[in-house]
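The chain contents come next:
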Amino acid sequence: MKNKLFIVSAGFAAVIIAITCIFYFSAPNNDDQSKKSSQIVALNEISRLAESGDTEAAQAKIDGLQNSIKSADDAVQNNDQALLICAVCLVFLLAVTLYIYFAVLRPFNKLKSFADKIAQGNFDIPLKYERSNYFGKFTWAFDSMRSEITKARQCEKEAVENNKTVIATLSHDIKTPIASIRAYAEGLQANMDSTPEKREKYISVIMRKCDEVSKLTNDLFLHSISDLDKMKVNAEVFEICGFEESVVNEIAGEFGDVRFEKPGFTALVSADKNRLTQIIENLINNSRKYAKTEIDIKLTRENGYVSIHFTDYGKGIPDSDMPFIFDKFYRGKNAGSEQGSGLGLYIVKYLAEKMGGSVILHNHTNSFEAVVSLPINS
């Protein structure tokens, strides 16, 4: 591009010089010596005519000599003007050429070189934004594109690493209940269940550990499909207050750490019972794992929504973690040494929004509250 510009400029300069030469050399331009000789002859003739007393003829010769001198001066002046115009045109052409090169071509070449580097996968070299050239906005757009691609690649890399971490964590978590199941099964095989009470205890532990394995494999399954947006929600209309009470009583079981406050109203919602059960289980298990306190559950109704309030009396979630707590794989500072995958609250929020609802978390002075809201089916 630069070579083409200089070639075109040189061509225009050659044309200007050629036109100037044609004009200069085509103008009348007799030899200086011949002009001087003719002028001396004319002066001699004027002198003789003046001596002979022929003043009219002498005056005519004088007028002719003056015209000759004037025409010669005009020719010289015209040639000087042509040379001056040629010089001005060449200077203007040089100025335009340099301006186009520095204001257009050089920034464009930088942009082109930057695009080639991006195409080669080199995203580490920034492109400075120069407001003075015509490609300033394009420069900013290209550099923004580079930054966004860099962020996208970094996020992709982090996602891959997180996937590996989650799979490794869940695999590790599965080993623990499996080991317990094997130990109690070996105890049964060795006839260590000498009394019906021991046998019932062994069987109860095995069943409970099987449930833990089932939950962990469900987490692994949800982790594998959540990115593909394949978590189906099959909504149906049902009365939520009675359903909530039955689910809570089933989850509380023999632990007795969950208190349900029966509401004084009924409300119909359009939701997926299995997914709602999953939300309730996740929130109760989170409170059991991290707060290790009793859990109060109640329902309220307001502005066309029915809300389920889960309240525990632990330390809650640090305020610095709140903006990120619903992100997949994110675990708050309060997790401590507790095992987990960082999927619980992500799944709760995902499923609630799939059913047209929402989830809000509140840190209170002496408690922590999670509120799941679903629209009432009128």
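An account of the accompanying structure is given in this report. None of these values were measured; they are calculated from a predicted model.

## Comments concerning the sheet that holds strand β6 (residues 358-363)
Sheet strands pair via backbone hydrogen bonds, and the direction of the pair is either parallel or antiparallel. Overall, mixed pairing links the five strands, which are arranged β2-β4-β5-β7-β6 in an open sheet. This sheet does not close on itself; its edge strands, each paired only once, are β2 (258-261) and β6. Strand-to-strand twist in this sheet, taken as the mean axis angle between neighbours without regard to direction, amounts to 20°. In this sheet, strand β5 (residues 305-312) lies alongside strand β4 (residues 295-302) in antiparallel orientation, the contact comprising seven bridges. What sits directly across from lysine 298, in β5, is histidine 309. Contacts from helix α6 (residues 240-252) reach β2, β4, β5 and β7 (368-375), with the element oriented near 165° to β2.

## A closer look at a nonpolar patch on the surface
Residues Phe92, Val96, Tyr99 and Ile100 make up a contiguous nonpolar surface patch of about 390 Å² in total accessible area. With respect to the secondary-structure elements, phenylalanine 92 resides in helix α3 (residues 55-119).

## Considerations on the pattern of salt bridges
Under the counting rule described, the total for this entry stands at five salt bridges. In this structure, the salt-bridge partner of aspartate 257 is arginine 288, at a minimum N-O distance of 2.9 Å. Residue aspartate 257 is found in the loop between α6 and β2, and its partner arginine 288 is found in helix α7 (residues 273-291); the two are separated by 31 residues along the sequence. Of the two residues, aspartate 257 and arginine 288, both sit in the buried class. With a closest N to O distance of 2.3 Å, arginine 259 and glutamate 294 form a salt bridge. Of this pair, arginine 259 sits in strand β2 while glutamate 294 sits in the loop between α7 and β4; the two residues are 35 residues apart in sequence, bridging distant segments of the chain. Given the relative accessible area of 39%, glutamate 294 is considered partly exposed. Among the ionic contacts, a cluster of salt bridges with common partners joins Arg259, Glu294 and Asp296.

## Notes on the packing of α6 against α7
Running from N to C, α6 and α7 cross one another at 45°; their axes reach a closest spacing of 10 Å. On the basis of their axis angle, the class for α6 and α7 is oblique. Handedness of the α6/α7 crossing: right-handed. Only Lys273, Leu276, Thr277, Ile280, Glu281, Ile284 and Arg288 of α7 make contact with α6, whose side of the interface consists of Ile240, Phe243, Glu244, Val247, Val248, Ile251 and Ala252. Across the contact of α6 with α7, the residue classes tally to nine nonpolar, one polar and four charged.

## Overview of the side chain of aspartate 312
On the secondary structure map, aspartate 312 appears in strand β5. Side chain to side chain, aspartate 312 and serine 287 meet in a polar contact 2.9 Å long. For aspartate 312, the residues in contact, after removing those within four places along its chain, are Ser287, Ala291, Thr293, Glu294, Ser367 and Phe368.

## A look at the side chain of serine 307
Mapping serine 307 onto the fold places it in strand β5. Apart from the residues lying within four places of it in its own chain, the contact partners of serine 307 are Lys298, Leu299, Thr300, Val371, Val372 and Ser373.

## A closer look at the packing of α7 against helix α8 (residues 344-354)
Contact geometry for α7 and α8: axes closest at 9 Å, N-to-C directions at 150°. Looking at the two axes, α7 sits roughly antiparallel to α8. In this structure, the crossing between α7 and α8 has a hand that is left-handed. Only Gly344, Leu345, Ile347, Val348, Leu351 and Ala352 of α8 make contact with α7, whose side of the interface consists of Arg275, Gln278, Ile279, Asn282, Leu283 and Asn286. Along the lines of polarity and charge, the residues of the contact of α7 with α8 split into seven nonpolar, four polar and one charged.

## Examining the pairing of β6
Within a regular strand, side chains alternate between the sheet's two faces. Both β6 and β7 contribute to a ladder of six bridges, which runs antiparallel. Counted as the bridge partner of serine 358 is serine 373 from β7.

## Some words on the nonpolar core
Note that soluble globular proteins tend to have their nonpolar side chains buried in a common cluster. In terms of nonpolar packing, the biggest core is built from 44 residues, with Ile240, Ile297, Phe310 and Leu361 touching the most fellow members. Other than its neighbours up to four places away in sequence, isoleucine 240 contacts Ala267, Val269, Leu276, Leu299, Val306, Ile308 and Leu374. Within the second largest apolar cluster, five residues are counted, among which are Ile174, Ile181, Ile206 and Leu216.

## Some points on the pairing of β5
For β5, the tally of buried residues reaches seven of eight residues, placing the bulk of the element in the interior. The loop that links β4 with its antiparallel partner β5 comprises two residues; one of these, asparagine 303, has a positive phi angle of about 50°. Sheet analysis places β5 next to β7, joined by eight bridges and oriented antiparallel. If you follow histidine 309 over to β7, its bridge partner there is valine 371.

## Thoughts on unusual backbone geometry
The phi angle at lysine 292 is positive, at roughly 55°, despite the residue not being glycine. On the secondary structure map, lysine 292 appears in the loop between α7 and β4. The exposed category is assigned to lysine 292, whose relative accessible area is 55%. Positive phi, close to 50°, is recorded for asparagine 303, a residue that is not glycine. Along the polypeptide, asparagine 303 turns up in the loop between β4 and β5.

Definitions and limits used
Residues numbered from 1 in each chain as written. Predicted model: local features only at pLDDT ≥ 70, side-chain atom pairs only at ≥ 80, totals over all residues. Heavy atoms only, no water. Pairing = 2+ DSSP bridges. Helix = DSSP H or I, 4+ residues; strand = E, 2+ residues; numbered from the N terminus. Axes fitted to C-alpha atoms, helices over the stretch in contact; angles between N-to-C directions. Contact = heavy atoms within 4.5 Å. Patch = residues over 30% accessible without salt bridge, like charges linked within 9 Å, V, L, I, M, F, W, Y side chains within 5 Å. Areas by Shrake-Rupley, 256 points an atom, 1.4 Å probe, with all protein chains shown as cover. Salt bridge = Lys/Arg side-chain N within 4 Å of Asp/Glu carboxyl O. Buried < 20%, exposed > 50% of the residue type's maximum accessible area, 1.4 Å probe, protein only. Parallel < 35°, antiparallel > 145°, perpendicular 65-115°, else oblique. Left-handed = near helix turned anticlockwise from the far one by under 90°. Nonpolar A, V, L, I, M, F, W, Y, C, P; charged D, E, K, R; others polar. Polar contact = N/O pair within 3.5 Å; in protein donor to acceptor, adjacent residues only side chain to side chain. Core = buried A, V, L, I, M, F, W, Y, C linked by side-chain atoms within 4.5 Å.

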